[in-house]
Amino acid sequence: MNDSVLVLGANGFIGRRLVHALSAEGYRVVAVTRTPLPPQKGVDLYFGQLREADEFLRALEGCGTLVHAASASTPGSTGGRPLSELHGNLTPSLAMLEALQQRPDVKLLYLSSAGTLYEDHMGPPATERTPIAPRSYHGAGKAAAEHFIHAWHAQGYGTATIVRPTNVYGPEQQLRANFGIIPTCFAKMMHGEPLTVWGDGSVTRDYLYVDDLVDLCLKIVQKPSERSLTTVNASSGESISLNDLFEELEAVAGMPLLRSYDSQRSLDARHISVSSELALSLYGWRASTPLREGLRNTWTWLNSLPA
């Protein structure tokens, strides 16, 4: 029976929440991770980083779905280093597709990125038909992976859903250099340190609570498999400027966020607004967590950690 779900990046921010949710729904999960995970009922650990087709095939035994939630880079970490995106993300992704050529029964769910793919614009929210124009090598890697998945599907190999989430945040998001503005701001506030803001703080972004994204992933996994390729955005549907986000963070934490402003970075789009109407139409999904509630949950979790 191919009723298990293989999750790449199972110990990442999104991966951990997804593994827990899948297990709670009764799925057997094969969690691919390079670091230990706490024991969970129905979760089998597969230690290592899959980089060859044969490794993927061994890990996929008994699995009917593969969720690719792994990423070895951020937009900032790939600055000036395009080869890091090739070695860190594209090479294992292509090995995965090579393996899936031999397992056309496996349904693929690939987590891409909305915030790094869509063009900087102030017009109507971007839809899945909006042309993509990545500004970072990380975003270019996501675009390349999407195109390879399209080519794999066009050759008749299988079923795939590509999800383009906006800026995902929430409890358990760890600090990473140049990535994750919300945990970065909270950490700066807790330590009384100033935040460097690239630009004047007027850039707008859409912030998606992690459990809302996990809910969409569950709906996709649960939907009966069809030989198709679908791309859907996942967003909260409300964009907010950095300066307004800072005010929300201060209101939740009850303390000021010290900050200084520097020149805008070329890899950052100024305005991102994304529509998730297709996800609503196909899966009955809409983000349900208000920003203030999600920020409050995140702040509570941070304050529960050992000092």
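Relevant structure appears above.
So, here is what we can say about the structure in this document. Per chain, residue numbering runs from 1 following the sequence as it is written. Only residues with pLDDT of at least 70 get local features here, since the model is predicted, and only at 80 or more are side-chain atom pairs given and counted; chain-wide, interface and lining totals rely on the full set of residues. As a rule here, side-chain values cover all heavy atoms of the structure and leave hydrogens and water aside.

## Examining the sheet that holds strand β1 (residues 4-8)
Logical step 1: For two strands to count as paired, DSSP must find a minimum of two bridges between them. Counting from the N terminus, the helices are the DSSP runs of H or I reaching at least four residues and the strands are the DSSP runs of E reaching at least two. Spatially, β3-β2-β1-β4-β5-β6-β10 is the arrangement adopted by the seven strands of the open sheet, whose pairing is parallel. Each end of this open sheet is capped by a strand with a single partner; those strands are β3 (43-47) and β10 (229-234). For this sheet, the mean inter-axis angle between neighbouring strands, taken without regard to orientation, is 20 degrees.
Logical step 2: Taken together, the five bridges between strand β2 (residues 29-33) and β3 define a ladder with parallel strand orientation. For Val32, the partnering residue across the bridge sits in β3 and is Tyr46.
Logical step 3: Contacts are assigned to residue pairs with any non-hydrogen atoms lying within 4.5 Å of each other. Inter-axis angles, ranging from 0 to 180 degrees, are taken between N-to-C directions of lines fitted to C-alpha atoms, where helices are fitted over the stretch in contact. Packing against the sheet, helix α1 (residues 13-24) makes contact with β1, β2, β3, β4 (63-68) and β5 (107-111), and its axis sits at approximately 165 degrees to β2.
Logical step 4: Strands β1, β4 and β5 of the sheet are contacted by helix α3 (residues 82-100), whose axis makes an angle of about 160 degrees with β4.

## Some words on the pairing of strand β9 (residues 204-209)
Logical step 1: Buried means the residue's accessible area, taken with a 1.4 Å probe over protein chains only, is under 20% of the maximum for its type, while exposed means over 50%, and partly exposed covers the values in between. Most of β9 sits out of view: six of its six residues are buried.
Logical step 2: Residue alternation in β9 divides its side chains into two sets, Thr204, Asp206 and Leu208 and Arg205, Tyr207 and Tyr209, and both sets are buried.
Logical step 3: Examined bridge by bridge, strand β7 (residues 167-169) and β9 share three bridges and lie parallel to one another. Paired with Asn167 across the two strands is Tyr207, which belongs to β9.
Logical step 4: Here β9 runs beside strand β11 (residues 239-241); their pairing, made up of three bridges, is antiparallel. Counted as the bridge partner of Thr204 is Ser241 from β11.

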